[in-house]
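# Fold and geometry: a report
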Amino acid sequence: MKKIASCIMAAAMALNSSAADTANTQSVDYRPTFGGVFRTRWEMATDDGHGGENRFTVRNARVWLKGKIAPQLQYYLRADLCDMGTMKFLDGWARFTLPENFAVQAGQFRVPFGVDAFRGPGTYIFANRSFMGRDDANNRAVGIQGMYEPTSIPLKLHMGVFSNHKISDHTPWSKEMTFAAKATYEVGPVTFAAGFQTICPDSTRMNMADAAVTFKSGRFTAEGEYMYTHYTNDSYHDAHSFNVWADYGIPLKGFFKKWSFQGRFETVSSRSNGVCNNTGHLIQTFPKRQRLTVGTTLAYIRKPVKCELMLDYEKYFYKDSYSPSIDRDDKIVAELVIVF
């Protein structure tokens, strides 16, 4: 018995020593970190119908807080204190890291679908988002997703299931859910991305597919993205979106460290947001349109701080019979962006 007891004690001491060594190798700073982005702008309408009208806005005043409560468990919180005068809670999630490069994330966050839609204030290439980033794939929801990033190849896989209700109300029950998946693969200077999303905002399910290619080489970056939307039961015609842009940056000496030039062209067919009208039918929410954007940006960069001065001109193209609102018409946009 004494021999057995001594063996058990020796094993326990060895296990405790191993756990201590593991804890030392996995030491974590549990203090939370924070950051944010501030965007303020001036806009002037240039179309004949709205020419000369101006406005100043605080487009975003976002702050975030993140940290860990265990080596494998991290959290993230983000809110917009001023989105053109409105306060919004955007993200709140916890992520548990599993062995073999797996992870599970639960809470409220952006649905894994699209490429341009995943850019946020502080990483935008232009002052205004693309049509597909703003109207087609701009989807945050409450749910859970699994993630896998193998070490042998530059691949990222995300797949999740989400509530189909607005993030401003978590109380409704529903039989319908949102499902989404996204894959990203890097080959040298080229990144390929593909995704699928099926969502049911009302009584009609929308199935969406997305594909994108991004090329980065030195000072030059270019990207093309295509998105397809199918409405079940022939409730609305299929919708197509295409977005292509390029950016070229020049290093500078002095206060500003980079001067870049951007160009973007995008085209989308008419689209419904999937919500039926009073007669139970889908109607056009967004018209068929095209837009050409040209701009330039001066950037001060000193990590972790970045400051950008952006100047864009947007030219919209509609059918002759359509009269757009001033927000979706020709304009000049000058913006100050601070990221910290």
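Residues numbered from 1 in each chain as written. Predicted model: local features only at pLDDT ≥ 70, side-chain atom pairs only at ≥ 80, totals over all residues. Heavy atoms only, no water.

This brings us to the overall build of the protein. Scanning the protein from N- to C-terminus turns up two helices and 16 strands. Here the C-alpha coordinates of the protein stretch approximately 95 × 60 × 40 Å along the principal axes. Here the protein holds 340 residues, and the buried ones make up 39% of them. When contacts within the protein are restricted to residue pairs at least 6 apart in sequence, those whose partners lie at least 24 apart make up 51%. For the protein, the accessible area works out to roughly 19000 Å², and carbon and sulfur atoms hold 62% of it. (Helix = DSSP H or I, 4+ residues; strand = E, 2+ residues; numbered from the N terminus. Buried < 20%, exposed > 50% of the residue type's maximum accessible area, 1.4 Å probe, protein only. Contact = heavy atoms within 4.5 Å. Areas by Shrake-Rupley, 256 points an atom, 1.4 Å probe, with all protein chains shown as cover.)

Mapping Arg271 onto the fold places it in the loop between strand E13 (258–268) and strand E14 (289–302). Of the residues examined, Arg271 reaches a relative accessible area of 6% and is grouped as buried. In terms of polar contacts, Arg271 uses its side chain to reach the backbone carbonyl oxygen of Asp135, at 3.1 Å. (Polar contact = N/O pair within 3.5 Å; in protein donor to acceptor, adjacent residues only side chain to side chain.)

The topology assignment puts Thr178 in strand E8 (residues 177–187). Not counting chain neighbours up to four residues away, the residues in contact with Thr178 comprise Asn139, Gly160, Val161, Phe162, Ser163, Asn164, Gln197, Thr198 and Ile199.

This paragraph deals with the pairing of E8. Pairing of strand E7 (residues 155–163) with E8, which is carried by nine bridges, proceeds in the antiparallel orientation. Its bridge partner being in E8, Ser163 is matched across the sheet by Met177. Between E8 and strand E9 (residues 190–199), which follow one another and run antiparallel, lie two residues, and Gly188 among them has a positive phi close to 60 degrees. (Pairing = 2+ DSSP bridges.)

With that settled, the discussion passes to the confidence of the model for the protein. Model confidence for the protein is summarised by a mean pLDDT of 91, while 92% of its residues fall at 70 or above. Counted against residues more than four places away or in other chains, residues 1–5, with its pLDDT under 50, gives zero contacts. In this model, residues 7–25 is a region of pLDDT below 50 whose contacts with residues beyond four sequence positions or in other chains number zero contacts. (pLDDT = per-residue confidence, 0-100.)

Moving on, we come to the environment of Leu282. Within the secondary structure layout, Leu282 lies in the loop between E13 and E14. Overall, the relative accessible area of 9% leaves Leu282 in the buried class. Linking Leu282 and Ala137, residues 145 residues apart in sequence, is a C-alpha distance of 18 Å. The residues touching Leu282, leaving out its near neighbours within four places in the chain, are Thr204, Tyr231, Ser235, Tyr236, Ser272, Gly274, Val275 and Cys276.

Bringing the pattern of salt bridges into the picture now. Under the counting rule described, the total for this entry stands at 24 salt bridges. We note a salt bridge from Asp91 to Arg140, for which the minimum N-O separation is 3.1 Å. Here Asp91 is found in strand E4 (residues 86–98), whereas its partner Arg140 is found in strand E6 (residues 140–148), with 49 residues between them in sequence. For the pair formed by Asp91 and Arg140, the shared burial category is buried. One salt bridge in this structure joins Lys306 and Glu308, with 3.8 Å as the shortest N-O distance. When salt bridges with common partners are traced through the structure, they connect Arg39, Arg41, Glu43, Arg55, Asp327 and Glu335 into a single cluster. (Salt bridge = Lys/Arg side-chain N within 4 Å of Asp/Glu carboxyl O.)

Moving on: the environment of Gly122. You can see Gly122 is positioned in the loop between strand E5 (102–110) and helix H2 (131–136). Residues Gly122 and Tyr76, spaced 46 residues apart in sequence, show a C-alpha to C-alpha distance of 17 Å. Excluding its chain neighbours within four sequence positions, the residues that come into contact with Gly122 are Val37, Lys306, Val337 and Val339.

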